Amino acid sequence: MEDALMAGVAALLHWLSMPEVGLGAVFVIAFVSATLLPMGSEPAVFGLVKLQPDIFWPAVLVATAGNTLGGMLTWWMGLAARQTADKVRHVEPGDASGPPGLQPGHDKPADHRALRWLQRYGAPACLLSWLPVVGDPLCAVAGWLKLPFWPCVLFMAIGKLGRYVTMTAFLIHVT
């Protein structure tokens, strides 16, 4: 079963890497890489732009759209996790008894600091959603904290657009 799944994933990745698939592949890869799956979308954007330099902006904008939609999904997953945890813990909506999700004695002080930092900066912290490793969980925590959805989306999109423009232009320039 596992071998069949791995073969299917390999076949899908091979299909997505074909230049004929182009912008659709960039969108799918950017969307999936913005969820909690460990995957990078920059090589797909760079590869497509390297093969077809005249579509730099369409590729960057499609990747930004896909990656932002993936961030939005991750935000909703964080909110759903919060609502589920609140139901399990029998917490009333709007209860602000301490940092949500952190249980005294079970978490590191750094966890509390990171959560307070995100609460203090709010939606603008989603500008950092482009960062490797921490960016996708940041979107989920923003949903968990019930930070305002549309401002979070705006800041996610700005950060992700900046990343794609910078990374793709840099890679095109150095190769």
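Notes on the structure follow. What you see is a predicted model; the values in this text were computed from it and never measured.

**Some points on the environment of Ile158**
Structurally, the position occupied by Ile158 is in helix H7 (residues 149–174). The exposure class assigned to Ile158 is partly exposed, which follows from its relative accessible area of 46%. A C-alpha to C-alpha distance of 9.2 Å links Ile158 and Thr68, two positions 90 residues apart in sequence.

**Here we look at the nonpolar core**
Counting residues in each nonpolar core, the largest one holds 19 residues, and the members touching the most others are Trp75, Leu118, Ala142, Leu145, Leu147, Cys152 and Met156. For this core, the elements supplying multiple residues, two or more each, are helix H4 (56–89), helix H5 (109–121), helix H6 (135–144) and H7. If near-sequence neighbours (up to four positions away) are discounted, Leu118 is found in contact with Ala125, Leu138, Val141, Ala142, Leu145 and Leu147. Counting residues in each nonpolar core, the second largest holds 11 residues, with Val49, Ile55, Phe56 and Val60 among its members.

**Section: the packing of H4 against H6**
The geometry of H4 relative to H6 is characterised by a closest axis approach of 6 Å and an angle of 45 degrees between their N-to-C directions. By the angle between their directions, the pair H4 and H6 is classed as oblique. Here H4 runs over H6; the crossing is right-handed. Packed against H4, whose contacting residues are Gly71, Thr74, Trp75, Gly78, Leu79, Ala81, Arg82 and Ala85, the element H6 presents Asp136, Cys139, Ala140, Ala142, Gly143 and Trp144 at the interface. Looking at the contact of H4 with H6, its residues break down into eight nonpolar, four polar and two charged.

Thresholds, definitions, all that
Residues numbered from 1 in each chain as written. Predicted model: local features only at pLDDT ≥ 70, side-chain atom pairs only at ≥ 80, totals over all residues. Heavy atoms only, no water. Helix = DSSP H or I, 4+ residues; strand = E, 2+ residues; numbered from the N terminus. Buried < 20%, exposed > 50% of the residue type's maximum accessible area, 1.4 Å probe, protein only. Core = buried A, V, L, I, M, F, W, Y, C linked by side-chain atoms within 4.5 Å. Contact = heavy atoms within 4.5 Å. Axes fitted to C-alpha atoms, helices over the stretch in contact; angles between N-to-C directions. Parallel < 35°, antiparallel > 145°, perpendicular 65-115°, else oblique. Left-handed = near helix turned anticlockwise from the far one by under 90°. Nonpolar A, V, L, I, M, F, W, Y, C, P; charged D, E, K, R; others polar.

Coordinates in, geometry out; function isn't part of it.
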